[in-house]
Structure formats: C-alpha cells, structure tokens
Amino acid sequence: MGKLLEALQKLQTIENQLAEVRRRLKSRSAAVESQQARIAALQADQEALHQTTLARQKQAASVELELKSRETEVTKYRTALNIAKSNKEYATILTHINTIKADNSKLEDEALKVMQAVDAVKLQAQEIKAKLEQAQANLEEIQRTSSAEIARLQGILDDLQAKRDQAAADVPRDQLGVFNRVGSTREGDAMAKIEFHGKKPPYEYVCGGCYMSLTAEHANALRTRDELRFCDNCGRILYLEEEKQQP
Ligand SMILES: [Zn+2]
C-alpha cells in the first residue's frame, strides 16, 4: 500500500478507537444520569404522597370536629329532654336526638374510612422512602466506580487525540479535508476495504463499507496507484488490504 492510503488508514484506525472511547464515556455518564432521573421521579412521588397525607389528615380532623360538635348538641338536647314540659315536646326532642345519632353513625363510618386511607398512604410513603434510599445508594456506587473509569477513559481519549493529530500531520492537507468530509457523512467511517469474493480471478469486488459491488477498475488501479478512489455507492475512500494487492 502506498504512503497516502497507509497514512489515511492509520488515521482511520485511531478515529475508530476515539469513537469507541467516546461511546464508553457517554454510556458511563448516561448511567449516572438515568439513576439521577430515577431519584428525581421517586422524590416527585414522595412529595405527591406527602400532599395526599396532609389532605387526608385535614379530612380526618374535620370529620372529628363535626362529630364532637354533634355530641355537644346531643348533650344539649338530653338536658332539654329532662325538662320537657309536654309529651309532644318530649317526642320532638327525642326525634332530634335520634336523627343526630343516626347521622353520627354515618360520620363515624366516614372517620374510620379516612383513618384507613391515612394508614394506606403512610405505608406507601414508607415503601417510597425505602426505594429512594436504595436508589441513592446505587447512585453513590455508580458515581464512585464511574469516576475512576471516566478518569481512565479520559486519559485514553487524550492520548488518542494526540496520536490522531500526529497521524493527521502525515496526510496532505487536501486529502485530509476529503477524509474528514467523507467521515462526517458516514459517522466517522471514511474508509472502506475492497473485499474480494471468489477463490481465483476474476474476483467479485465488494465495498466493505456498504457491501455493494465494485468494478474491477478500483482494485486494479489501487494495486499500482496510491490515490483516493471512492465507492460509487457510499462514497467511502477505498483501500486494498496488504495481502490482497497481489492475489
Ligand atoms: Zn461503499
């Protein structure tokens, strides 16, 4: 292989390593972010539950107050009952008392339901608290292990970037521009190996980037010339593998 294509291939190899390290760095940060999002969601649930608890407690207090006021009323009627002046008056007061008592029994049922609801919410709050503690512990663990890994990957990334700059310096400016342009349209994958199909000539040629057929012309030219040739389909820069140059 000629000097130009060799330099470009070296550059491509480093670009691929850089992409891999960047991908790993990204997935590390994504793990931390997803745990943080889980914690935020649990905290929102916890806050909503807290508001529900407050509302239920308020409801319970109001039912209790209502019950007390009705009991006071019953006491008042009982006193009146003792000093009733006629049978009719007595009967009227007794009806009042019975009505209030019937209402009170409904209110007591309601109070019981509200108290049960308060207990249910408290139980839910305990569950969320436990989940939140677990999620926070997980986050700390992820952050602890990630920070060492992120520092390690960052070190590799810095080394690779320096190597990439060195490798890029070996490529003439115009060709480097072409390499970068092709790479930007192919997710950093600017080069494609010409693949040979078949055991002996005439071979079938295929682009290793997009797997479409190539004419023999590309392979023939690259056996003797160190130049930029592009896949007619995907536009990647073609190269021949060392052992395939003289098959
Ligand atoms: Zn192609």
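Residues numbered from 1 in each chain as written. Predicted model: local features only at pLDDT ≥ 70, side-chain atom pairs only at ≥ 80, totals over all residues. Heavy atoms only, no water.

Once that is clear, we can look at the overall build of the protein. What the protein contains, in helices and strands, is 4 helices and 4 strands. Taking 18 Å as the expected radius of gyration for a compact globule of 247 residues, we find that the protein reaches 40 Å, considerably beyond that expectation. Expressed along its principal axes, the backbone C-alpha trace of the protein runs to roughly 130 × 40 × 30 Å. Counting across all 247 residues of the protein, residues that qualify as buried make up 30%. Contacts spanning at least 24 positions in sequence make up 67% of the contacts within the protein whose residues lie at least 6 apart. Taken as a whole, the protein presents about 16100 Å² of accessible surface, with 51% of it coming from carbon and sulfur. (Helix = DSSP H or I, 4+ residues; strand = E, 2+ residues; numbered from the N terminus. Rg over C-alpha atoms; globule rule 2.2 N^0.38 Å. Buried < 20%, exposed > 50% of the residue type's maximum accessible area, 1.4 Å probe, protein only. Contact = heavy atoms within 4.5 Å. Areas by Shrake-Rupley, 256 points an atom, 1.4 Å probe, with all protein chains shown as cover.)

Below, the discussion takes up the coordination of the zinc ion. Six octahedral donors at a metal ideally form angles of 90 or 180 degrees, and four tetrahedral donors ideally form angles of 109.5 degrees. Coordination of the zinc ion by the protein involves Cys207 (SG), Cys210 (SG), Cys231 (SG) and Cys234 (SG), with metal-donor separations of 2.2 to 2.3 Å. One can describe the site at the zinc ion as tetrahedral: its 4 donor atoms subtend angles covering 103 to 115° at the metal. Read from N- to C-terminus, the donor residues coordinating the zinc ion fall into the pattern C-x2-C-x20-C-x2-C. Of this pair, cysteine 210 sits in the loop between β2 (204-207) and β3 (213-214) while cysteine 231 sits in the loop between α4 (216-224) and β4 (237-239), and the two are 21 residues apart along the sequence. Exposure remark for cysteine 231: the relative accessible area of 4% places this residue in the buried category. (Donors = N, O, S within 2.8 Å, 3.2 Å for Na, K, Ca; no water. Tetrahedral: all angles 85-135°; square planar, octahedral: opposite > 155°, others 65-115°.)

Next up on the list: unusual backbone geometry. Residue proline 202 is bonded to the preceding proline 201 through a cis peptide linkage, with omega at 0°. Notably, glutamate 187 is not glycine yet its phi reads approximately 50°, a positive angle. With respect to the helices and strands, the residue glutamate 187 is situated in the loop between α3 (173-185) and β1 (191-197). In this structure, tyrosine 211 is a non-glycine residue whose phi angle is positive, near 65°. Examined against the element boundaries, tyrosine 211 turns out to sit in the loop between β2 and β3. Among the residues examined, tyrosine 211 registers a relative accessible area of 58% and is labelled exposed.

We now examine the nonpolar core. Proteins that are soluble and globular tend to have nonpolar side chains buried together. If you look at the biggest cluster of nonpolar residues, it comprises 36 residues, and the most contacted ones within it are Ile194 and Leu238. For this core, the elements supplying multiple residues, two or more each, are α1 (3-82), α2 (87-169), α3, β1, β2, α4 and β4. A domain split of this core shows at least three residues from each of domain 1 (3-169) and domain 2 (175-244). If we ignore the near neighbours within four places in the chain, the residues touching leucine 238 are Leu5, Ala192, Ile194, Cys207, Leu214, His218, Leu222, Arg229, Phe230 and Cys231. (Core = buried A, V, L, I, M, F, W, Y, C linked by side-chain atoms within 4.5 Å. Domains from an automatic or database assignment.)

As a further point, take the sheet that holds β4. What holds strands together in a sheet is hydrogen bonding between their backbones, with the strands either parallel or antiparallel. As summarised here, the arrangement of the 4 strands in space is β3-β2-β1-β4, forming an open sheet in which the pairing is mixed. The two strands at the open ends of the sheet, each matched to only one other strand, are β3 and β4. Two strands pair when backbone bridges link them, and β1 and β2 are joined in this way by 4 bridges, in the antiparallel orientation. Paired with glutamate 195 across the two strands is valine 206, which belongs to β2. The strands touched by α1 are β1 and β4; relative to β1, the strand with the most contacts, the crossing angle is about 110°. Of the strands in this sheet, β1, β2, β3 and β4 are in contact with α4, which crosses β1 at around 110°. (Pairing = 2+ DSSP bridges. Axes fitted to C-alpha atoms, helices over the stretch in contact; angles between N-to-C directions.)

Examined at the domain level, the protein breaks down into domain 1 (3-169) and domain 2 (175-244). Relative to domain 2, the C-alpha centre of domain 1 lies at a distance of 57 Å. Each partner contributes residues to the interface: domain 1 has 10 residues there, and domain 2 has 14 residues. Taken together, the two surfaces of domain 1 and domain 2 that pack against each other cover about 1100 Å², and 66% of this comes from carbon and sulfur. Put simply, domain 1 and domain 2 have 0 salt bridges between them. Here domain 1 and domain 2 share 6 residue pairs in polar contact (both at pLDDT 80 or more) between them. Partitioning the side of domain 1 that touches domain 2 into residue classes produces 5 nonpolar, 3 polar and 2 charged. (Buried area = accessible area lost by both parts, 1.4 Å probe. Salt bridge = Lys/Arg side-chain N within 4 Å of Asp/Glu carboxyl O. Polar contact = N/O pair within 3.5 Å; in protein donor to acceptor, adjacent residues only side chain to side chain. Nonpolar A, V, L, I, M, F, W, Y, C, P; charged D, E, K, R; others polar.)

On to the packing of α1 against α2, then. Two measures define how a pair of helices packs: the angle their axes make with one another and the distance between the axes. The interhelical angle for the contact between α1 and α2, taken along N-to-C directions, is 165°, at an axis separation of 5 Å. In terms of orientation, α1 and α2 fall into the roughly antiparallel class. Regarding α1 and α2, the two cross each other, and that crossing is left-handed. Each residue belonging to the contact of α1 with α2 can be placed in one class, and the counts come to 42 nonpolar, 19 polar and 22 charged. (Parallel < 35°, antiparallel > 145°, perpendicular 65-115°, else oblique. Left-handed = near helix turned anticlockwise from the far one by under 90°.)

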